[in-house]
Structure formats: structure tokens, C-alpha cells
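A structural walkthrough
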Amino acid sequence: MYARGVPLAKANDDANAIAALDEFCRKHPGHALAPDASHLQAVLEHERQRYDASADLCAAFQGKFANHARAGDIAFLFAENELLRSRLPESVEKYQAFLKNYTDHAQALTARFRMGGALFRLERYDEAKSNLEQVARGRETDKTYRRALMMLGDIAFQQQRWSEAASPLDDYLSFGTDQPLADDAKLKLALALARQDKNDEALKHLAELPNAFPESAHKLQATF
């Protein structure tokens, strides 16, 4: 029964795979493969963007198989589900628990980045900064974590720490104008430079913004 569910999952027949795995778990809850089946169910529901169902399966897994080898994977997946259903405080708690218990997990750095982003959205800026700084590597930042630079620059900008804001924003823009919110980063970089009396550098960025981002809502402000 378990062997029937796995190839269905690999064939992207998620609905039938989940049904087969659910039947297996109901009929054989004490089987050695029950934790693997439960984990796969949770992953498949997550991939189908059914985050409530996936979270319920994660909670059930933690209640039954807390010491299983898949427990770290489930803890990370649980946090991801909370984040994707916009339960930001809950996601932060789940990421914190994951990082406390699974420090060497392959997803530890991603968890740090995700938690920093959630804290940023919650406007818990000092906590966000301490996490995002652990994944940001300036112009050597991995593509997966580049938004950390944008958030670090934004935090410093909002706190009027102009020199501290300029560096990560400049690093973020070094990856190209196709980065998410690059127009916002360019305007804030220009303003941060201007407020340090670096007007020539600020003017360069302001002059470039309308051409680099012709559809940007910031064009008028940059011109002004």
C-alpha cells in the first residue's frame, strides 16, 4: 500500500498519492513506514498549496513521531505552512523552535532568512536585523537570500541610519534592476546618500531611476 502511494507522488498524481498514503496510515498506524507516509502526505499537501491541511499533518506527526529522523523536516515544513498562511507570529515561533532543535539541518539558513522576513513584516526590526545579517554576504549573497539586503537597507533607512542603509541597498542593486523592488531600493539609496551630503552620487541614482524603471511609481518623486 505504501509502495503504491510513492510512485503516484513521483508521477505528480498528488490527489491519488495522498489518498493511498492516508489509507495506509489509517490501516497501519504502527507500521515502521507510517512516519515516512505521514511526512510525504504533509509535503504533498504543501505543494498543492493546501497549507491548512499540511499544517494539520505536521502537528499530527509531531504528536506521534517526535523523535523520528524526519522530525526536523516536519518542523521546518510546519513553519513554512504558518508563514504561507500569513500567521506571522506563529511562523516566527515555529522557525525559532526549528533552529533551536535542528541547528545543523540543511534548511537552517533558509529558516533564518524566512524568520528574518517575517520579523521584518511584523516591524520587529532589531530581531529581523540580527537574523538577516546571518544570511547576507554583501555582493556575494546567494541568490536565494538577496532580499535580505533589501530588508536590511530598509530597516536602517527607516531608523535614519543613512550610512548603514546605503551599503546593503547598493549591494542589492549590484545584482541588477530586475530584482524585486529594485526601484524602491534605488530611490532609498539616493535619499540615504543625499542625507549624507553625497549629492553627486545621489543625483546619479535619481537621474537613472526613470529610465531604468519606466513603470515605477517612484519616477515623479525621483524627478522632483
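Refer to the preceding data block for the structure.
Residues numbered from 1 in each chain as written. Predicted model: local features only at pLDDT ≥ 70, side-chain atom pairs only at ≥ 80, totals over all residues. Heavy atoms only, no water.

We now examine the nonpolar core. If you look at soluble globular proteins, the nonpolar side chains tend to sit buried side by side. With 49 residues, the main nonpolar core has Tyr95, Phe113 and Leu132 as its most contacted residues. Those elements that provide at least two residues to this core are helix H5 (71-84), helix H6 (88-101), helix H7 (108-121), helix H8 (125-132), helix H9 (147-158), helix H10 (162-173), helix H11 (182-194) and helix H12 (199-212). Excluding its chain neighbours within four sequence positions, the residues that come into contact with Leu132 are Phe113, Gly116, Gly117, Ala148, Met151, Leu152 and Ile155. (Core = buried A, V, L, I, M, F, W, Y, C linked by side-chain atoms within 4.5 Å. Buried < 20%, exposed > 50% of the residue type's maximum accessible area, 1.4 Å probe, protein only. Helix = DSSP H or I, 4+ residues; strand = E, 2+ residues; numbered from the N terminus. Contact = heavy atoms within 4.5 Å.)

The end-to-end C-alpha distance of H12, which contains 14 residues, comes to 20 Å, matching closely the 20 Å that a straight helix rising 1.5 Å per residue would cover. Looking at H12, one finds that the buried residues are Ala202, His205, Leu206, Leu209 and Pro210. For H12, the arc enclosing every buried residue in end-on projection is 130°, short of the 170-degree limit, so these residues lie on one face. For H12, the exposed residues set more than 90 degrees away from the buried face come down to Asp200, Leu203, Ala207 and Asn211. The inward-facing, buried residues of H12 contact H11 and helix H13 (219-223). (Expected span 1.5 Å × (residues − 1). Arc of directions from axis to C-beta.)

Its location among the elements puts Ser38 in helix H3 (residues 34-47). We classify Ser38 as buried; its relative accessible area is 8%.

Another aspect to go through is the environment of Asn81. In this fold, Asn81 is placed in helix H5. For Asn81, a relative accessible area of 0% corresponds to the buried category. A sequence separation of 60 residues divides Asn81 from Thr141, and the C-alpha atoms of the two residues are 25 Å apart. The residues touching Asn81, leaving out its near neighbours within four places in the chain, are His46, Tyr51, Ser54, Ala55 and Cys58.

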